[in-house]
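Letter by letter, the chains look like this.
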Amino acid sequence: MTPDTFIKFGIDVLIIVIKIAVVLVIGLLHVAYATYFERKVIGHMQVRLGPMRVGPHGLLQPFADGIKLFFKEDLIPEKADKVVFYLAPVIFMASAMVNLAFIPFSHNFIIADINIGLLFIFAIAGIGVYGIFISGWASNSKYAFIGGLRSSAQVISYEIAMGFSLVGVMIMAGSLNLTEIVRAQENSIFGMYAIPQIVGFVIFVIAAVAETNRTPFDLPEAESELVAGYFVEYTGFRFALFFLGEYIAMFIMASLCTVCFLGGWTLPWYVLKVLPFLQHVPGIVWFLIKVYAFIFFYYWIRATVPRYRYDQLMSIGWKILIPVALANILVTGLVKILL
Amino acid sequence: MILELFFAYFAFAIIVLSIVVITRRNPVHSVLWMLLLFFHIASVYLFLNAEFMAAVQLIVYAGGIMVLFLFVVLLVHIKEEIKISKFIGAWSAGFTFAAALFVVVALSLRSFVVAPPGKYTIELIQQETHTKALGKLLYTEFLFPFEIAALILTVAIVGALVLAKRRLKS
């Protein structure tokens, strides 16, 4: 290798490292304020004020919580499998964060623009189940174990429905590359796949809520019966890792929904035709607005809908969502062939 | 040179990890080592320009099959280990058979013939993307074997269901 190629390689690596740092910092700030807004939004929906004490309107509350968690004592159950116990939150958090690399935030900002981005997101999300599973097992506690079993059964069931709901998008876009999926939507008649793929969209939204263990499908953490579920034995910063991982996973689901169904960083052409000045707004703004809307939807249903029973959850997933998603694939394929 | 070094690492790591997997006493630890093993195998696929295989390796084996394994392992009492008497008592007999098998495999490697290069060169696959090339071949040239594989899997699933239901009734 000549020194020239070395310098080029070095610059490429540097650019990627800077991109990763930017995404990580902004992502973690988003997570911190997602917790704040969750408490605020749900508070106002229940006619309360939510956090008000730290800073104006409680704006510094996430930092107070973070510092508190950082200085808490780190406890390990005596009978726990120590190595696996340490490993579980790391696997959970890492598998959530890796997926940030595949999300196209704007037309020129993506860390890894690979041909099968969508498949890799599924692959890495599948690894996250291990974090949940082995944290429940390694804690050597009944509540954690049952929480871990429930959670992993739920996640692998709804993963199938979610994968099938996205097959319609793959067929319509003809690609697994997330950037190309957005471009295909930009050039389609409706401007976003949420309209022609409405069935897939609804299935995806339901599965995304179940996949991230949120209300009304938060049975793994059902506090009235399981205390806190799989992470009940974790304290201090190890608990914070689970917490962070869950919120990053929510953002990944919201971004995936935005990219695959809501048109990513683009606006539908008919909107641009009516309001042409909007095309000067940078794409990242539209991307973030769509993601925030999805996150707000998470909070909204948490404040509104009561929790399902476990058998109801399983029968919704296996008897309704998966058959409907399969039918959707069939119809989408037929339409694609006939048109 | 760098590619060979990478391959050497992955080949060595895969062998070591496989040995680690089968020598752990605790089945949950075995499963976790196997997860690491799957990542290494997926990396080898990536080196062969087979990114679709790499992703599917992780989705199907790591994300699906191993999780089901873990379910079984967790729900069975691992404290009371199941003791099965050995099929063959003497280790020397087993060693002889294993060595003989190894010699047969090593000898058969000599008659290994490199297949004639087909239509798909590395450049063509990179240009057309691996997913598309694989999909096209599977659904045109190899449609029949593909469907047979699907049928066999369906039979296995139905068979498992029938066995489980029969157990429930009695």
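Scoring rules and cut-offs
Residues numbered from 1 in each chain as written. Chains lettered and ligands numbered in written order. Predicted model: local features only at pLDDT ≥ 70, side-chain atom pairs only at ≥ 80, totals over all residues. Heavy atoms only, no water. Helix = DSSP H or I, 4+ residues; strand = E, 2+ residues; numbered from the N terminus. Rg over C-alpha atoms; globule rule 2.2 N^0.38 Å. Buried < 20%, exposed > 50% of the residue type's maximum accessible area, 1.4 Å probe, protein only. Contact = heavy atoms within 4.5 Å. Areas by Shrake-Rupley, 256 points an atom, 1.4 Å probe, with all protein chains shown as cover. Buried area = accessible area lost by both parts, 1.4 Å probe. Salt bridge = Lys/Arg side-chain N within 4 Å of Asp/Glu carboxyl O. Polar contact = N/O pair within 3.5 Å; in protein donor to acceptor, adjacent residues only side chain to side chain. 1 Å grid on protein atoms, 1.4 Å probe; cavity = no way out; pocket = protein on both sides within 12 Å on 5 of 7 lines; lining within 4 Å. Points joined across faces, edges and corners; volume = space filled by probe spheres on them. Nonpolar A, V, L, I, M, F, W, Y, C, P; charged D, E, K, R; others polar. Domains from an automatic or database assignment. pLDDT = per-residue confidence, 0-100. Axes fitted to C-alpha atoms, helices over the stretch in contact; angles between N-to-C directions. Parallel < 35°, antiparallel > 145°, perpendicular 65-115°, else oblique. Left-handed = near helix turned anticlockwise from the far one by under 90°.

## As for the overall build of chain A
And then number 1: Within chain A, the secondary structure is distributed over twelve helices and zero strands.
And then number 2: Walking chain A from its N terminus toward its C terminus, one meets helices and strands in the order α-α-α-α-α-α-α-α-α-α-α-α.
And then number 3: Rg of the C-alpha trace for chain A: 21 Å, near the compact-globule value of 20 Å for 339 residues, within the 12% margin.
And then number 4: Judged by the C-alpha coordinates and their principal axes, chain A covers about 60 × 60 × 50 Å.
And then number 5: When each of the 339 residues of chain A is scored for burial, the buried share is 53%.
And then number 6: Long-range contacts, defined as pairs at least 24 residues apart, comprise 79% of the intrachain contacts of chain A with a sequence gap of at least 6.
And then number 7: Surface exposure of chain A reaches about 16100 Å², of which carbon and sulfur atoms provide 73%.

## Here's the deal with the interface of chain A and chain B
And then number 1: At the junction of the two partners, chain A supplies 22 residues and chain B supplies 26 residues.
And then number 2: Both faces considered, chain A and chain B share a buried interface measuring about 2100 Å² in area, 84% of it formed by carbon and sulfur atoms.
And then number 3: Contact with chain B buries area across many residues of chain A, yet Tyr-130, Phe-133 and Trp-137 of chain A alone supply 29% of it, more than any other trio.
And then number 4: Applying the counting rule to chain A against chain B returns zero salt bridges.
And then number 5: Our count for the contact surface shared by chain A and chain B stands at two residue pairs in polar contact (both at pLDDT 80 or more).
And then number 6: At the level of elements, α4 (117–138) and α5 (142–173) of chain A are the ones that each hand at least two residues to the side of chain A that touches chain B.
And then number 7: With eleven residues, the top contributor of residues to the side of chain A that touches chain B is α4 of chain A.

## Focus on the environment of Phe-146 of chain B
And then number 1: Turning to its location among the elements, Phe-146 of chain B is positioned in helix α7 (residues 143–169).
And then number 2: With sequence-adjacent residues up to four places away left out, Phe-146 of chain B is seen in contact with Leu-138 and Tyr-139 of chain B.

## Regarding the layout of surface pockets
And then number 1: Roughly 2800 Å³ of volume is contained in the largest pocket.
And then number 2: Forming the walls of the largest pocket are 49 residues, and the residues nearest its centre are Phe-164 and Val-167 of chain A together with Phe-52, Val-56 and Val-60 of chain B.
And then number 3: Elements with a contribution of two residues or more to the lining of the largest pocket: α4, α5 and α12 (310–338) of chain A together with α3 (51–75), α6 (130–139) and α7 of chain B.
And then number 4: At ten residues, the largest contribution of residues to the lining of the largest pocket is made by α5 of chain A.
And then number 5: Among the residues making up the lining of the largest pocket, the classes are represented as 29 nonpolar, 14 polar and six charged.
And then number 6: Split by domain, the residues of the lining of the largest pocket number at least three in each of domain 1 (1–84) and domain 2 (118–170) of chain B.
And then number 7: Considered as a void within the structure, the second largest pocket measures approximately 1200 Å³ in volume.
And then number 8: In this structure, the second largest pocket is lined by 37 residues; those nearest its centre are Thr-35, Leu-69, Phe-239, Phe-243 and Tyr-247 of chain A.
And then number 9: Mapped by element, the contributors of at least two residues to the lining of the second largest pocket are α1 (3–45), α2 (61–70) and α9 (236–260) of chain A.
And then number 10: Split into classes, the residues belonging to the lining of the second largest pocket amount to 19 nonpolar, six polar and twelve charged.

## Here we look at the confidence of the model for chain A
And then number 1: Here chain A shows a mean pLDDT of 85. Residues at 70 or above account for 99%.
And then number 2: Within chain A, helix α8 (residues 223–226) of chain A has the poorest average pLDDT of any element, 69, and helix α7 (residues 198–211) of chain A the best, 90.

## Remarks on the packing of α7 of chain A against helix α11 (residues 283–304) of chain A
Residues and elements named next belong to chain A.
And then number 1: α11 packs onto α7 with a crossing angle of 65° between their chain directions and a minimal axis gap of 12 Å. In terms of their interaxial angle, α7 and α11 are classed as roughly perpendicular. The crossing of α7 and α11 is right-handed. Facing Val-205, Ala-208 and Val-209 of α7, the residues of α11 in contact are Phe-294, Phe-297, Tyr-298 and Ile-301.
And then number 2: Split by residue class, the contact of α7 with α11 holds seven nonpolar, no polar and no charged.

## Overview of the domain arrangement of chain B
Residue and element names in this part refer to chain B.
And then number 1: Once the domains are mapped, chain B shows domain 1 (1–84) and domain 2 (118–170).
And then number 2: Centre-to-centre separation of domain 1 and domain 2, based on C-alpha positions: 22 Å.
And then number 3: Listed per partner, the contact involves five residues of domain 1 and six residues of domain 2.
And then number 4: Between domain 1 and domain 2, a total of about 480 Å² is buried, with carbon and sulfur atoms accounting for 64% of that surface.
And then number 5: Three residues, Asn-49, Glu-51 and Phe-52, lead the burial of domain 1 against domain 2; their summed loss comes to 85% of the area buried on that side.
And then number 6: Our count for the contact surface shared by domain 1 and domain 2 stands at zero salt bridges.
And then number 7: Looking at the side of domain 1 that touches domain 2 residue by residue, the class counts come to three nonpolar, one polar and one charged.

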